[in-house]
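Here are the chains, one letter per residue:
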Amino acid sequence: MNSLEIAKTWLQPPFDEETQKAVQNLINSNPKELDDAFYKNLEFGTGGMRGIMGIGTNRLNKYTYGQATQGLANYLHQQFPDKKITVAIAFDVRHNSDTFAKLVADVLTANGIYVYLYKEFRPTPELSFTVRNLKCDAGIVLTASHNPPEYNGYKVYWNDGAQIVPPHDSAIIKEVRSVDFADIKFDGDDSKITYLGEEEDKKFIHAAVENTSYLKGKKDLKIVYTSLHGTSIKILPDALAEAGFENVFIVPEQKNPDGDFPTVKSPNPEEPEALSLALKYAEEQNADIVFGTDPDADRLGVAVRGLDGKLVLLNGNQTNTVITDYILGKWKENGKIDGKQFIGSTIVTSDIFFPLAKYYGVECKVGLTGFKWIADLIRKAEGKEKFICGGEESFGFMPSDYVRDKDSISSILVACEAAQEAKNEGKTLFDKLIDIYTKVGYYYEELVSIVKKGKDGAEQIAKMMEEFRSNPPKELVGEKIVKLDDYQSSTSLNLITGEKTPIDIPKSNVLIFFTDKGTKLACRPSGTEPKIKFYFSVQDTLSSKDEFESKLSHAQNKIQKIKEFLEN
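Residues numbered from 1 in each chain as written. Predicted model: local features only at pLDDT ≥ 70, side-chain atom pairs only at ≥ 80, totals over all residues. Heavy atoms only, no water.

A. Fine view of the overall build of the chain. Looking only at helices and strands, one finds 17 helices and 23 strands in the chain. Over its C-alpha trace the chain gives a radius of gyration of 24 Å, about what one expects of a compact globule, namely 24 Å for 568 residues. For the C-alpha atoms alone, the extent of the chain along its principal axes is close to 70 × 55 × 50 Å. Classification of the 568 residues of the chain by burial places 58% in the buried group. Sequence-distant contacts, at least 24 apart, represent 69% of the contacts inside the chain between residues at least 6 apart. Roughly 23,300 Å² of accessible area belongs to the chain as shown, and the carbon and sulfur atoms make up 47% of that amount. (Helix = DSSP H or I, 4+ residues; strand = E, 2+ residues; numbered from the N terminus. Rg over C-alpha atoms; globule rule 2.2 N^0.38 Å. Buried < 20%, exposed > 50% of the residue type's maximum accessible area, 1.4 Å probe, protein only. Contact = heavy atoms within 4.5 Å. Areas by Shrake-Rupley, 256 points an atom, 1.4 Å probe, with all protein chains shown as cover.)

As structure tokens, then:
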């Protein structure tokens, strides 16, 4: 059926009168919006859903949320046929998140499932903690992370507190797709809901502090922090206080939770503009370090004092590098490394974590993009190897395994400790970063995202990836491409010998090109946003701090040439 034919099926029960009226208005007055709202089903992917709120099969609404939850409920009953099933639910500050969270709870309880539901918005990492702490069978968080205000989402977690991976992801997807809208049970049972609040917060904060405390003594670090109108404001100020940090200054204009995110173009700490108010405030306060979190508080942006004493933004790889080095150093000091430990990373993250892991005598394990794959590494290694920490370039880090997702709360706590220790030595975290480069090599990365919205955009992104596969470049900036990893075909091709070797990682639409000089270009469509991402990475040596500026300039010039090559 085409979009109009599908839309007309929404003009009768089981769809309510309000929905029917809204669909009829689209049919009468907005055919373009109608087409985008009904041309496909909003995909319930391997981690859940994310999309624009509104009427239609390609929108988030009562019925698409209900369908996803009914499918999940059916699967949970299959997996746990003879037990009291429990699911934890959290939600962010976005419009309608609280209403949709209750709707999701109602569908679960209507299916005989017991629910732990947060009374108010909470950070995503707290949901992961809650699943583990309360020994739930699954968890759900309603969030669209740092997407624009018109978006919302739905992420599913399994009983280990991590987002779903095989075999559960595909099995749940199958169940969701088999649910007819008429089969959704909306009539909930409130007696099966337990509301969560401050008591669970205290447990989460205590666990965060306990799992990130390595440093004893004076903590006089001056910290500026912004929640970017999001959920971290519920937890982080209290967590910093419990950890002993007293000089915390919260950006006043961005303190209040607000799903419109009115002071930023995008509530994404990956974007420098999002932290502009925080940087200005930090200069006024003469702060040592600046933090910003995205709306659901899993990502963090960081700024520190650079070589010239001015605040400089770190990218995700740099933040993770200094935190990882700090944690590994503390593990080594405490005699906790015996060769049976590992750190986690992903295929588009900096390669610096390989030599850094080797320096400390641990392994660096790599998975696909997304923290569920780092959590999967932890799950598979349990009882054999101990996970220390892990992260990926997209401004996310996991400094312990008590939470099985990226966690800005505990990451900020440990970053503050690292910054405090550096300050005690008369250094900044930027000085520490350069020390790491001289120790294991200089690595520099950049990311370019090209937004392609709607049906046409999705087709353009698919065409771009197909072009890279069918007509791959032979060289980058004068460097010969010697290897091509295609994660969709699970093959690594040596372009010198022609030898193909299998890639033992689940399939994904990712291409990575490697040159003979260590330069790397990765291409992948985003799994959660209408964009295609290009990851650029170059490496070099660094013998001293004095070389840093020239090496940085050389790396930036090289990446600029790669960007120009892609534009042509």
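B. Spotlight on the side chain of K558. Mapped onto the secondary structure, K558 falls in helix α17 (residues 548-567). Beyond its immediate sequence surroundings of up to four residues, K558 is in contact with V477, E479, T519 and V538.

C. Broad picture of unusual backbone geometry. The omega angle of the peptide bond from P13 to P14 is 15 degrees, so this bond is cis rather than trans. With respect to the helices, strands and loops of the structure, P14 is situated in the loop between α1 (3-8) and α2 (17-29). Positioned with a positive phi, A297 is a non-glycine residue whose angle comes to about 65 degrees. By the element assignment, A297 lies in the loop between β9 (289-293) and β10 (300-305).

D. Geometry of the sheet that holds strand β12 (residues 341-346). If you trace the 4 strands from one edge of the open sheet to the other, you get β13-β12-β14-β15, paired in mixed fashion. Two strands in the sheet have a free side with no partner beyond their single neighbour: β13 (363-367) and β15 (396-398). Going from strand to strand, the sheet's axes swing by 20 degrees on average, the running direction of each strand aside. Bridge count between β12 and β13: 5 bridges; the pairing is parallel. Directly across from F342, in β13, lies its bridge partner E363. Along the sheet, helix α13 (residues 371-381) contacts β12, β13, β14 (386-392) and β15; its crossing angle with β14, the most-contacted strand, is approximately 170 degrees. (Pairing = 2+ DSSP bridges. Axes fitted to C-alpha atoms, helices over the stretch in contact; angles between N-to-C directions.)

E. View of the packing of helix α8 (residues 198-210) against helix α9 (residues 236-243). Their axes nearest at 9 Å, the elements α8 and α9 cross at an angle of 50 degrees. By the angle between their directions, the pair α8 and α9 is classed as oblique. Handedness of the α8/α9 crossing: right-handed. Residues I205, H206 and V209 of α8 form the contact with α9, whose participating residues are D238, A239, E242 and A243. The class makeup of the residues in the contact of α8 with α9 is 4 nonpolar, 1 polar and 2 charged. (Parallel < 35°, antiparallel > 145°, perpendicular 65-115°, else oblique. Left-handed = near helix turned anticlockwise from the far one by under 90°. Nonpolar A, V, L, I, M, F, W, Y, C, P; charged D, E, K, R; others polar.)

F. Examining the packing of aromatic side chains more closely. Going through the model one piece at a time under the given rule, you end up with 25 aromatic pairs. Judged by centre distance (5.9 Å) and plane angle (55 degrees), the ring pair of F468 and F534 falls under tilted. Of this pair, F468 sits in helix α16 (residues 454-470) while F534 sits in strand β23 (residues 531-540), placing them 66 residues apart in sequence. Assessed through its relative accessible area of 13%, F468 is described here as buried. By relative accessible area, which is 4% here, F534 ends up buried. Here the aromatic cluster, defined as three or more aromatic residues joined through ring pairs, consists of W10, F15, F38, Y63, F181 and F186. The lysine or arginine in question, K83, covers the ring of F80, its NZ or CZ lying 5.5 Å from the ring centre. Its end group placed over the ring of Y114, K84 keeps NZ or CZ at 4.4 Å from the ring centre. (Phe/Tyr/Trp six-rings, centres within 6.5 Å; stacked < 30°, edge-to-face > 60°. Lys NZ or Arg CZ within 6 Å of the ring centre and 35° of its normal.)

G. Quick look at the environment of V440. When you line up the elements, V440 lands in helix α15 (residues 429-440). Taking C-alpha positions, V440 is 5.8 Å from P355, a pair spaced 85 residues apart along the chain. Beyond its immediate sequence surroundings of up to four residues, V440 is in contact with I352, P355, L356 and Y359.

H. Layout of the sheet that holds strand β5 (residues 151-158). Taken in spatial order, the 6 strands line up as β1-β5-β4-β2-β3-β6 in an open sheet, and their pairing is mixed. Two strands in the sheet have a free side with no partner beyond their single neighbour: β1 (48-52) and β6 (193-196). Direction aside, the axes of adjacent strands within the sheet are offset by 15 degrees on average. Examined bridge by bridge, strand β2 (residues 86-91) and strand β4 (residues 138-142) share 5 bridges and lie parallel to one another. Bridge assignment links I89 to a residue of β4, and that residue is I140. Seen against the sheet, helix α5 (residues 97-110) touches β2, β3 (114-118), β4, β5 and β6 and runs at an angle of roughly 170 degrees to β2.

I. Structural context of the pairing of β23. Taken across its 10 residues, β23 has 8 buried, putting it largely inside the fold. With 10 bridges joining them, strand β16 (residues 442-451) and β23 adopt antiparallel strand pairing. Bridging across to β23, V448 finds its partner in F534.

J. The arrangement of the nonpolar core in detail. With 136 residues, the main nonpolar core has I89 and Y154 as its most contacted residues. Looking at this core element by element, the count peaks at 8 residues for helix α14 (residues 408-424). One finds Y487, I503, I505 and V510 within the second-largest nonpolar core, a separate group that totals 13 residues. (Core = buried A, V, L, I, M, F, W, Y, C linked by side-chain atoms within 4.5 Å.)

K. The arrangement of the environment of F468 in detail. Counting along the chain gives 43 residues from F468 to L511, while the straight-line C-alpha distance between them is 8.1 Å. Residue contacts for F468: discarding those within four places in its chain leaves P473, L511, F513, C523, F534 and L566.

L. Expanded view of the side chain of T212. Along the chain, the position of T212 falls in the loop between α8 and β7 (222-226). For T212, a relative accessible area of 2% puts it in the buried group. A polar atom in the side chain of T212 sits 2.7 Å from the backbone oxygen of A208. (Polar contact = N/O pair within 3.5 Å; in protein donor to acceptor, adjacent residues only side chain to side chain.)

M. How the structure looks around the pairing of β10. Judged by how many residues are buried, β10 sits mostly within the fold: 6 of 6 residues are covered. For β9 and β10, the ladder comprises 5 bridges, and the chain directions are antiparallel. Bridging from a neighbouring strand, V290 pairs with A303 of β10. Linking β9 back to β10 in an antiparallel pair, the connection comprises 6 residues, with A297 at a positive phi of about 65 degrees. Looking at chain direction, β10 and strand β11 (residues 311-314) are connected through 4 bridges and run antiparallel. Of the residues in β11, the one forming a bridge with V304 is V312.

No statement about biological role is implied by the geometric values presented.
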